[in-house]
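Examining the three-dimensional arrangement
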Amino acid sequence: MYRYDEFDHAFVRERVAEFRDQVARRLSGEMTEDQFKPLRLMNGVYLQLHAYMLRIAIPYGTLSSKQLRRLAHIGRVYDKGSGHFTTRQNLQFNWIKLADVPQILEELAEVEMHAIQTSGNCIRNVTADHFAGAAADEVADPRVYAEILRQWSSLHPEFSFLPRKFKLAVTAAPHDRAAVQVHDIGLHMKVDDKGERGFAVWVGGGQGRTPMVAKKVRDFLPEADLLSYCEAILRIYNLEGRRDNKYKARIKILVHETGEAEITRAIEAEFAELQGKALTVPAPEIERIARYFALPDLETLRARSEVYETAKRDPAFALFARRNVHAHKVPGYGIVTISLKPTGAPPGDATSEQMEAIADIAERYSSDELRVSHEQNLVLPHVKLDDIPVVFAQLQKIGLGDANAGFITDIIACPGLDFCALANARSIPVAQRLSERFEDIARQAEIGDLKIKISGCINACGHHHVGHIGILGVDRKGEEFYQITLGGSGDETCSIGEIVGPGFSSDGIVDAVETVVDTYLKLRISADEPFLAAYRRVGQAPFKEALYAR
Amino acid sequence: MAKKKDFHPVAATANDLRSGAVVFREPDGRWGTEARRAEIAETPEDAERLLARAKADHDSCIVVEPVLIEMAEGRPVALRERIRDTGPTAGIGRTA
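Residues numbered from 1 in each chain as written. Chains lettered and ligands numbered in written order. Predicted model: local features only at pLDDT ≥ 70, side-chain atom pairs only at ≥ 80, totals over all residues. Heavy atoms only, no water.

Observations regarding helix α11 (residues 315-324) of chain A
All names here are of chain A. For α11, every residue scored as buried is listed here: Phe 317, Leu 319, Phe 320, Ala 321, Arg 323 and Asn 324. Against α10 (306-311), β11 (325-327), β12 (333-338), α13 (388-397) and α15 (441-447) lie the buried residues of α11. In this structure Asp 314 caps α11, since a side-chain oxygen of it lies 3.0 Å from the backbone nitrogen of Ala 316. (Buried < 20%, exposed > 50% of the residue type's maximum accessible area, 1.4 Å probe, protein only. Helix = DSSP H or I, 4+ residues; strand = E, 2+ residues; numbered from the N terminus. Contact = heavy atoms within 4.5 Å. Polar contact = N/O pair within 3.5 Å; in protein donor to acceptor, adjacent residues only side chain to side chain.)

Here is the structure:
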């Protein structure tokens, strides 16, 4: 893991002291809300429906056991005993008192955490593949580059007041688990014919009220040019991005209005000015950063574990192994997904007790490492296959042994109207009811891979545009309605879901989703044809017919 | 302010500056956490006065983001405000 150096420690502590003073001045009346609001947002403090919300950055979703324990502690002491993992690999506390925030930030700083870049019109916390550093299919660890981007972008003076927020994601495996094509900049690492590492560069993707798949402006950018090229993109955006209309201020609108060819030309021209100068990332520096992300000392093991294979005689474990364990780059190890989607629970929530238990498991069985996924789950990246049956048993004890990763109940949902000041409709209760409707794990297994994503407003924090089944909550004359989109995907075959027809009432939405699922089961060629493939083969018509035919 | 014939009774709500808690202005000028105890303005003129007092409390650093919300039978009319009054409808769910 990346460790703070002297500069990082000093910087974060100074920032905490600065904010402590700002909070004191606000509470004493020395500072007005208008003066204070931009300052609190720069420190991740929002005012939501019920209280202040503190969003804590988890860079590229990587956590240590010590850090997770500290989050559990903060949840217990300063919140209501739980935390909410978000679709940007961060963690939110929903019941925070403003007066407590400086102390919380100080306690976070002790474990090398903060809340910077979790709000405001700056470059936000960089996200990455949640299997980074462990995945069998990655060509490099994308967190190395995410960290280089973090160091470059943190409080970058030129990019602290952009037209709007700016999100970057990095992945380094052919299968894109980081949804890079729906980010302002998406970086998809690959290796060329000469064995050199570089990136396909995607620009102008995003969700929100105007969903767009990014345009590929470079097929192969050498890794040394990473910062120069990103700086070029940001400069074009900072100069040309719209500031007259908040809803047209994201770079996706600039790319759309300018056109792919012209925006590419402009970026390349700016890059030509920057290339080969101060922002070139020297190979030794990449290697230096990479050492922070070196694999832990893993044992030399046989690829096949008899303990693991024998445990599969238990059908529950066999399903867990099939759904929640992914291939590790080191023989004899696996990557374990901890589903934060038990039946009827709010997606992404974990109690302080659960966090502490997971921290203990990670410390003992996963080289002290954890990841947060943008799908609102936790990941144990380095677990011996021999140990996975024990880990499974321990997860079951804390109510988190569900073998539903990637199934229909592995739902992404934003906080929605239950918590969020921007929301128009509730998301979590819809997720909970869907989770209960499809609780039968045999039925989930029969349905197979199916991603449901739910947003409570057009800002799309629940990523509904890229859900195989997307659900958007809207307010219609004071009543909640839910619009269904079909065929979205956030992976390397990225697509924006299509609205299937008029929305459904709160009472009708779960039945409507079940109708979509039943229609899929009837029309699929075989059990090997997943929902998304079937939808892409047959299109919207049979689903529309099933949903709206009288 | 709405014309008299379109007017519905309103209460003043905000968040407590220090804790962020949802609060409603009560008849004695204190801010409490239950909508049913809120002062209700029955006329546009009373509503204007209520909002002015709420804004004064904002300026005095007692509350933030004060607004008027429609009330009926002692509770907020809009779902959003009912959730603010009574809390999230989604619980933590199954735990260990």
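After that view of the structure, there is still more to cover.
Structural notes on the nonpolar core
Residues and elements named next belong to chain A. Counting residues in hydrophobic clusters, the biggest one holds 115 residues, and the most contacted among them are Leu 71, Phe 85, Tyr 145, Leu 149, Phe 166 and Val 201. Contacts of Phe 85, omitting those with residues within four sequence positions, involve Ile 58, Leu 63, Leu 68, Asn 90, Leu 91, Leu 340, Gly 348, Ala 350, Met 355, Val 372, Gln 376 and Leu 378. Counting residues in hydrophobic clusters, the runner-up holds 32 residues, among them Ile 452, Tyr 482, Ile 509 and Val 516. (Core = buried A, V, L, I, M, F, W, Y, C linked by side-chain atoms within 4.5 Å.)

Description of the domain arrangement of chain A
Residue and element names in this part refer to chain A. On domain assignment, one finds that chain A holds domain 1 (6-109), domain 2 (135-291), domain 3 (306-397) and domain 4 (412-548). For domain 2 versus domain 4, the distance between C-alpha centres works out to 30 Å. Every contact between the two is made by twelve residues of domain 2 and, on the other side, 13 residues of domain 4. Counting the surface lost from both domain 2 and domain 4, the interface buries some 1,000 Å², and carbon and sulfur atoms represent 60% of this. Counting the contacts that link domain 2 with domain 4 gives zero salt bridges. Across the domain 2-domain 4 interface, the total number found is five residue pairs in polar contact (both at pLDDT 80 or more). For the side of domain 2 that touches domain 4, the class distribution of residues is six nonpolar, four polar and two charged. (Domains from an automatic or database assignment. Buried area = accessible area lost by both parts, 1.4 Å probe. Salt bridge = Lys/Arg side-chain N within 4 Å of Asp/Glu carboxyl O. Nonpolar A, V, L, I, M, F, W, Y, C, P; charged D, E, K, R; others polar.)

Looking at the interface of chain A and chain B
Chain A puts 39 residues into the contact, and the matching count from chain B is 26 residues. Of the roughly 2,500 Å² buried at the junction of chain A and chain B (both faces included), carbon and sulfur atoms supply 60%. Per-residue buried area on chain A facing chain B is highest for Leu 47, Leu 49 and His 50 of chain A; these three make up 21% of the total on that side. The tally of links between chain A and chain B comes to zero salt bridges. Our count for the contact surface shared by chain A and chain B stands at six residue pairs in polar contact (both at pLDDT 80 or more). Put simply, the parts of the chain that give the side of chain A that touches chain B at least two residues each are α1 (6-28), α2 (33-41), β5 (91-96), β13 (349-351) and α14 (428-437) of chain A. The class makeup of the residues in the side of chain A that touches chain B is 18 nonpolar, ten polar and eleven charged.

Describing the side chain of Asp 418 of chain A
Secondary-structure assignment places Asp 418 of chain A in the loop between β16 (412-413) and α14. Ignoring anything within four residues of it in the chain, the contact list for Asp 418 of chain A reads Leu 49, His 50, Arg 426 and Pro 429 of chain A together with Ile 83, Pro 88, Thr 89 and Ala 90 of chain B.

What about the packing of helix α16 (residues 509-523) of chain A against helix α18 (residues 541-548) of chain A?
Residues and elements named next belong to chain A. In contact at an axis separation of 9 Å, α16 and α18 are set at 135° when each is read in the N-to-C sense. With respect to each other, α16 and α18 are oriented oblique. Here the hand of the crossing between α16 and α18 comes out right-handed. Along its contact with α16, which presents Ala 512, Thr 515, Val 516, Thr 519, Tyr 520 and Leu 523, the element α18 presents Pro 542, Phe 543, Ala 546 and Leu 547. Looking at the contact of α16 with α18 residue by residue, the classes come out as eight nonpolar, two polar and no charged. (Axes fitted to C-alpha atoms, helices over the stretch in contact; angles between N-to-C directions. Parallel < 35°, antiparallel > 145°, perpendicular 65-115°, else oblique. Left-handed = near helix turned anticlockwise from the far one by under 90°.)

Considering the sheet that holds β11 of chain A
Adjacent strands of a sheet form backbone hydrogen bonds with each other and so pair up, either parallel or antiparallel. Residues and elements named next belong to chain A. Pairing is antiparallel across the open sheet formed by five strands, whose spatial order is β3-β14-β15-β12-β11. Edge positions in the open sheet fall to β3 (62-64) and β11, since each of these has one partner strand only. On average, each strand axis in the sheet is tilted by 35° relative to the strand beside it, whichever way the strands run. Judged from the five bridges that link them, β12 and strand β15 (residues 378-384) form a sheet pairing that is antiparallel. The residue bridging Tyr 333 from the neighbouring strand is Lys 384, located in β15. Set on the sheet, helix α3 (residues 65-78) makes contact with β3 and β14 (369-372); between it and β3 the angle comes to about 85°. On the sheet, α11 packs against β11 and β12 and is oriented at approximately 45° with respect to β11. (Pairing = 2+ DSSP bridges.)

A word on the sheet that holds strand β4 (residues 63-72) of chain B
A sheet is described by the order of its strands in space; here five strands give the open sequence β3-β2-β1-β4-β5 (chain B), paired in antiparallel fashion. Of all the strands in the sheet, the pair left with one neighbour each is β3 (31-32) and β5 (75-76) of chain B.

Side note on the environment of Ile 123 of chain A
All names here are of chain A. Of note, Ile 123 is situated in the loop between α4 (101-109) and β6 (127-128). On the accessibility criterion, Ile 123 (1% relative accessible area) is buried. Residues Ile 123 and Ala 290, 167 residues apart in the sequence, show an inter-C-alpha distance of 22 Å. Filtering out sequence-adjacent residues up to four positions away, Ile 123 remains in contact with Gln 117, Trp 152, Ser 153, Phe 159, Leu 162, Phe 166, Leu 168 and Leu 234.

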